[in-house]
Amino acid sequence: WDIERNACHVSGEFLNLQCMDHPFTTMDEMLSLVPEEDRGIVEKALHEALEGIKQYDVEHRVIRPDSGETCWVRSCGVVVRDESGKPVRMEGALQDITDRKLAEAELVKSEERLRLAMAATTDGFWDWNIPTGDVYRSPSFYTMLGYTPSEICLRPEYWMSLIHPDDVPAVSSMIKECFSGAR
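Quick summary incoming for the structure in this document. (Residues numbered from 1 in each chain as written. Predicted model: local features only at pLDDT ≥ 70, side-chain atom pairs only at ≥ 80, totals over all residues. Heavy atoms only, no water.)

## A few points about the pairing of strand β3 (residues 87–96)
Within a regular strand, side chains alternate between the sheet's two faces. Note the cut-off: We treat two strands as partners when DSSP finds at least two bridges between them. Counting from the N terminus, the helices are the DSSP runs of H or I reaching at least four residues and the strands are the DSSP runs of E reaching at least two.
Where strand β2 (residues 70–81) lies against β3, nine bridges are found, and the strand directions are antiparallel. Bridging across to β3, V79 finds its partner in M90. Counted between consecutive antiparallel strands, the loop separating β2 from β3 contains five residues, among which G85 sits at a positive phi close to 95°.

## Examining the sheet that holds β3
Threshold: A fitted line through C-alpha atoms represents every axis, and for helices the fit uses only the stretch in contact; the resulting angles, taken between N-to-C directions, go from 0 to 180 degrees. The criterion used for residue contact is that any of the two residues' heavy atoms lie within 4.5 Å.
One open sheet accounts for three strands, arranged β1-β2-β3; its pairing is antiparallel. Two strands lie at the open edges of the sheet, namely β1 (56–63) and β3, each paired on one side alone. Taking the axes of each pair of neighbouring strands and ignoring which way they run, one obtains an average angle of 35° across the sheet. One ladder, built from eight bridges, connects β1 with β2; its direction is antiparallel. Bridge assignment links V58 to a residue of β2, and that residue is S75. Of the strands in this sheet, β1, β2 and β3 are in contact with helix α3 (residues 36–50), which crosses β1 at around 150°. Where helix α4 (residues 98–119) meets the sheet, its contacts fall on β1, β2 and β3, and the angle it forms with β2 comes to roughly 125°.

## Regarding unusual backbone geometry
Not every positive phi belongs to a glycine, and N6 is a case in point at roughly 50°. Here N6 lies in the segment before α1 (12–17).

## A few points about the side chain of H60
Inclusion rule: When accessible area is computed with a 1.4 Å probe and restricted to protein chains, residues below 20% of their type maximum are described as buried, those above 50% as exposed, and intermediate ones as partly exposed.
Note that H60 resides in strand β1. Relative accessible area serves as the criterion here: at 2%, H60 is assigned to the buried category. Non-local contacts of H60, meaning those with residues more than four positions away in its chain, are made with V34, D38, I41, V42, C71, W72, V73 and S75.

## Some points on the pattern of salt bridges
To keep things clear, this is the line we draw: Here a salt bridge means any side-chain nitrogen of Lys or Arg lying within 4 Å of a carboxyl oxygen belonging to Asp or Glu.
Counting across every chain of the model gives 17 salt bridges. E36 is the salt-bridge partner of R39, the closest N and O atoms lying 3.0 Å from each other. Here R39 pairs with E36, and both are found in helix α3, just three residues apart, close to one helical turn. E36 gets classed as exposed once you look at its relative accessible area, which sits at 57%. Of the charged contacts in the structure, one is a salt bridge between E69 and R64, with a shortest N-O distance of 3.4 Å.

Dropping the structure here:
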């Protein structure tokens, strides 16, 4: 982007990404592809980059001119300055992150469904990250055993201390089978 002349120069790859048959020529034309609700964050990021506050790096939506389809992009760039420090041009890249944004939205939905399912049952759930030793236990896990979260240490070794001594060999054997892939 030649700042003084407000002239934009884009690559053929950019045109393909945007499904455009001709490039936009000014920054205003480029910003017209950004939905109104995202335009403020793009303009703020541009302003901060031009003022030298921070690098230009922003994720936002764009509307493809040929289809009207909305996609997500990561736009980043560097401001090139003259000898006096005045911004003269900006160089950057655009990356299509639509698939990642869709996956993030699906993950949020999935986590919400899991949270609702866990809240609707009296079953206790746990998850043990074996390499780190971290253990997650659902709130109902504690209440079904008559404890509060602050009364039980989260480390697996503590859990083993709660098992009845007669059951420790069988539980230990099952854990070893799981580690070996036999279970």
